[in-house]
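Architecture and fold: a report
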Amino acid sequence: MIEVRDLSRSYGALKAVDQVSFDIGRREIVGLLGHNGAGKTTIMKMLTGYLEPSAGSIRIDGQDIAAHRRAVQRKIGYLPENCPLYPDMTVLEHLDYQGALHGIANRARAAAIRRAIERTELGAKATATVATLSRGYRQRLGVAAALLHEPDVLILDEPTNGLDPSQIQHMRALIREQASHATVIISTHILQEVEAVCGRVLIMHAGRLAVDSPIGAIGATPRLRVTLDRDPGEVRGLLAELPGISAVSHVGDEDGRRGYALTTDDPDAAAPRVAAAVTGQGWALYGLERERYDLEALFGQIADGQAAAPFGELAGEQPGAAAPAREAAHV
Ligand code: ATP
């Protein structure tokens, strides 16, 4: 449904988005993650045709957005960051205006507005002016406007920002429901949100795509983490020879101790063998545990610039590779 190839956008010398490529299939829900300034909003603006790429291409439903911008935009519903609304309009007037902008014919518009209001539970505020709405209701109005024309692609920049816990649950249910007929991309800073609603995650880091993974694959390849005070050569010589260990990666040092990640199909069976081999050499064993490997851990590693090693392995690549994250991370 969405094909992005070598997409880049610069602001002067700053590469806000740098050679990003991915494909998103019909009815996928994809979470776009990354720290502040990672490039998420810039990607969303380019996907919606509001910002021109410096290089690269975007095709939506087979159509190149550069050549068919208007036609592509008709297929997209977009909730921008800090959703801009007209304060003097009522909820109904705002939706009617948005419906007209989307080209929804007069006779169909009332039904479309009713549907969008029901879905976002805005009924109680239908005649309230935007200026009097709480942040959560404004957010819901932004989502209602994005849904109005039944888009094939829904792009939501931080859709649960400002919502209370029950509204968040409702918004997540709404996003899941949309995926029965639309492709959904959401950007968020809430990792649980991605785990709760998305089938796949894209993680941006400094303009590059650092991770592209199905949610189910994160944590699917547990590793053993062992902490020693021995050099990588010695450690590899001992541990890589053990049955059931297919790779030994040096993943970082702390307080003079060296951390290694051991790839194994069965960490529980391998752990006693590792302990026996280490103590058999008379080495000190400072730590031996299953590596915590969930979305939060992965996100933290990306922030620390360590993502290529663990994710490379997750993605079935060589662990420890110093390749650019985008290449190491693709599944
Ligand atoms: P956040 O989570 O804070 O919303 P983001 O991942 O959405 O961040 P972007 O808004 O895409 O990040 O910004 C990416 C980079 O591009 C940042 O360094 C930002 O300062 C810069 N940037 C964005 N828009 C402009 C602009 N119009 N002019 C100059 N620099 C910009």
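Residues numbered from 1 in each chain as written. Predicted model: local features only at pLDDT ≥ 70, side-chain atom pairs only at ≥ 80, totals over all residues. Heavy atoms only, no water.

**Here's the deal with the pattern of salt bridges**
Considering all chains together, one arrives at 17 salt bridges under this definition. A salt bridge links Glu-234 to Arg-230; the nearest nitrogen and oxygen atoms lie 3.4 Å apart. Judged by its relative accessible area of 35%, Glu-234 is partly exposed. Among the residues examined, Arg-230 registers a relative accessible area of 27% and is labelled partly exposed. A salt bridge links Arg-290 to Asp-268; the nearest nitrogen and oxygen atoms lie 3.6 Å apart. In this pair, Arg-290 is assigned in strand E14 (residues 287-290) and Asp-268 in helix H9 (residues 267-280), connecting sequence segments 22 residues apart. For Asp-268, a relative accessible area of 53% corresponds to the exposed category. Linked by salt bridges that have partners in common, Arg-115, Arg-119, Glu-150 and Glu-177 make up one network. (Salt bridge = Lys/Arg side-chain N within 4 Å of Asp/Glu carboxyl O. Buried < 20%, exposed > 50% of the residue type's maximum accessible area, 1.4 Å probe, protein only. Helix = DSSP H or I, 4+ residues; strand = E, 2+ residues; numbered from the N terminus.)

**What to know about unusual backbone geometry**
The residue Asp-6 is not glycine, and still its phi comes out positive at about 45°. Although it is not a glycine, Glu-121 sits at a positive phi angle of roughly 50°. Along the chain, Glu-121 falls in the loop between helix H4 (106-119) and helix H5 (135-147). Since its relative accessible area comes to 46%, Glu-121 is described here as partly exposed.

**Topic: helix H8 (residues 232-239)**
Taken together, the buried positions of H8 are Pro-232, Val-235, Leu-238 and Leu-239. Seen along its axis, H8 keeps its buried residues to an arc of 135°; they face one direction. For H8, the elements touching its buried residues are strand E11 (223-228), strand E12 (245-254), strand E13 (257-264) and H9. (Arc of directions from axis to C-beta. Contact = heavy atoms within 4.5 Å.)

**As for the domain arrangement of the protein**
Each assigned domain of the protein is listed with its residue range as follows: domain 1 (2-216) and domain 2 (219-315). Each side of the interface is counted separately: domain 1 has 14 residues, and domain 2 has nine residues. Counting across the interface, domain 1 meets domain 2 through zero salt bridges. Linking domain 1 with domain 2 are zero residue pairs in polar contact (both at pLDDT 80 or more), by the criterion used here. Tallying contributions element by element places strand E10 (residues 208-214) first for the side of domain 1 that touches domain 2, with four residues. Split into classes, the residues belonging to the side of domain 1 that touches domain 2 amount to seven nonpolar, five polar and two charged. (Domains from an automatic or database assignment. Polar contact = N/O pair within 3.5 Å; in protein donor to acceptor, adjacent residues only side chain to side chain. Nonpolar A, V, L, I, M, F, W, Y, C, P; charged D, E, K, R; others polar.)

**Observations concerning the site of the ligand**
Not every one of the 13 residues close to the ligand is listed here, only the nearest: Gly-37, Lys-40, Thr-41, Thr-42 and Glu-81. For the ligand, an oxygen atom lies 2.8 Å from a polar atom in the side chain of Thr-41. For the ligand, whose accessible area on its own is 640 Å², the fraction buried by protein is 63%. The leading source of residues in the shell around the ligand is helix H1 (residues 40-47), at three residues. Taken together, the residues of the shell around the ligand sort by class into four nonpolar, seven polar and two charged. (Near = heavy atom within 4 Å. Areas by Shrake-Rupley, 256 points an atom, 1.4 Å probe, with all protein chains shown as cover.)

**Re helix H6 (residues 165-178)**
Spanning 14 residues, H6 covers 20 Å between terminal C-alpha atoms, matching the ideal 20 Å at 1.5 Å per step. On its buried face, H6 sits against strand E3 (29-33), H4, H5, strand E7 (153-157), strand E8 (183-187) and helix H7 (191-197). (Expected span 1.5 Å × (residues − 1).)

**Examining the sheet that holds strand E5 (residues 63-64)**
Pairing is antiparallel in the open sheet, where four strands are placed in the order E2-E1-E4-E5. The open sheet terminates on both sides in strands that have one partner only, identified here as strand E2 (14-24) and E5. The pairing of strand E4 (residues 55-60) with E5 spans two bridges and is classified as antiparallel. Directly across from Ile-60, in E5, lies its bridge partner Gln-63. Across the sheet, H1 lies against strand E1 (2-11), E2 and E4, angled at about 120° from E1, the strand it touches most. (Pairing = 2+ DSSP bridges. Axes fitted to C-alpha atoms, helices over the stretch in contact; angles between N-to-C directions.)

**Quick look at the side chain of Arg-172**
For Arg-172, the position within the fold is in helix H6. In this structure Arg-172 comes out as buried when scored by relative accessible area, which is 10%. When near neighbours in sequence (up to four residues on either side) are disregarded, Arg-172 contacts Ile-190, Gln-192, Glu-193, Ala-196 and Val-197.

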